[in-house]
Structures are given as C-alpha cells and as structure tokens.
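Listed below are the residues making up each chain.
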Amino acid sequence: TVQLILFQCFLQVLPIMVGSIDLKNKRISPEKDINGMIEMLAEYIRRSHYPGRHSRFQSFFACKTIQDAERFISLNHNAEGRVRYQGDIWLVQCDNVAFEGDMKFLDLGDCWIDAITKLHLYWAGEIGEDPLKELLLKPPVTIVKKVKQL
C-alpha cells in the first residue's frame, strides 16, 4: 500500500467529458472542448499503441507530494485566470499505482503532430524538462485524511 496525495480535480473530468455545450447560455465552452479533445485523443493513442496502460477514464489522479498537488493547481487556470480545479487535498492509500506520467505532455501544442507526439511521450512514460508528474491510481483508493483545505 502506497500513501499518496489526491486532489479533487478528478471530479472535474466528468463534466469536461460529458459535453462542452452550455445549454443555459446556448454557447460552446472552448476550454472544456480543448480538455475533452486532449482526453479523447489521449485515450485513442493509449488504446491504439499502449493497450497495457490503464485508462485515464478509469483512474483517480494523484501526486506524490502536497507540493506537487499545489503546483498542479497553481498551473491550471482558465482563460479568465481563475483556478480550474478547486477542492481539498487528501492523503490516500492505494495498492495499485497504474501509471506515472508527465502532465505537461497532455497538451495539443501548435498542431496535431505536436499533440500526437506529446501524447506518445506521455504514454511511453517519458519525463520532460521541469515535469509535472501525475499518478494514475487504479481503484480502489482509500481516503486517509484531509491534509489541506483550499
């Protein structure tokens, strides 16, 4: 059993993937659309080239340290400069860390070739300069305690 830091951003993935159309305001949210495209392309590349890797769609996301979780949150702002992921930081236990990757490769880049190249680097487990590492945890995950309230 490994103790890791879990931040609640995994709760944000479902609205991103369910859709990016704001029915109330009758508009498309570009930020959600981009995140959805990245996730769908990442899953396509995983299934096509790295089928042994655990799916992001079936994972909890965690960091090894509180500092890594705080850095993730600080680097993820929307177009208006607001933090996209809000929630508390938790200490969790998990018996199965399915994958460790550099989140900085989860980016569309300047063109599709950049995006595909970066996603291959992500799934290959490559670590870039000044990485932002994430752990994909395969359920079950046990929450131990809240370590920081945001």
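Residues numbered from 1 in each chain as written. Predicted model: local features only at pLDDT ≥ 70, side-chain atom pairs only at ≥ 80, totals over all residues. Heavy atoms only, no water.

S.K.: With reference to specific residues and values, describe the overall build of the chain.
M.R.: A tally of regular secondary structure across the chain gives four helices and eight strands. Of the regular secondary structure in the chain, the N- to C-terminal order runs β-α-β-β-α-β-α-β-β-α-β-β. Burial status across the chain gives 37% buried among its 150 residues. Here the analysis covers contacts within the chain between residues at least 6 apart in sequence; of these, 76% occur between residues at least 24 apart. For the chain, the accessible surface area stands at approximately 8900 Å², while carbon and sulfur atoms represent 53% of it. (Helix = DSSP H or I, 4+ residues; strand = E, 2+ residues; numbered from the N terminus. Buried < 20%, exposed > 50% of the residue type's maximum accessible area, 1.4 Å probe, protein only. Contact = heavy atoms within 4.5 Å. Areas by Shrake-Rupley, 256 points an atom, 1.4 Å probe, with all protein chains shown as cover.)

S.K.: Mind laying out unusual backbone geometry, listing which residues take part and the relevant values?
M.R.: Omega for the peptide link from Pro 139 to Pro 140 comes to 10°, which places this bond in the cis form. With respect to the secondary-structure elements, Pro 140 resides in the loop between β7 (133-137) and β8 (141-148). Even without being a glycine, Asp 130 presents a positive backbone phi close to 45°. Structurally, Asp 130 is set in the loop between α4 (112-123) and β7. Residue Asp 130 is classed as exposed on the basis of its relative accessible area, which comes to 51%.

S.K.: Outline α4, listing residues and values.
M.R.: For α4, built from 12 residues, the straight-helix expectation of 16 Å at 1.5 Å per residue is met to within 8% by its first-to-last C-alpha distance of 16 Å. Every buried residue of α4 is accounted for by Ala 115, Leu 119, Tyr 122 and Trp 123. Down the axis of α4, the buried set is contained in an arc of 85°. They therefore lie on one face. (Expected span 1.5 Å × (residues − 1). Arc of directions from axis to C-beta.)

S.K.: Can you explain helix α3 (residues 66-75)? Please cite residues and give values.
M.R.: Of the residues making up α3, those classed as buried are Ala 69, Phe 72 and Ile 73. Along the axis of α3, the buried positions cluster into a sector of 95°, meaning they face one direction only.

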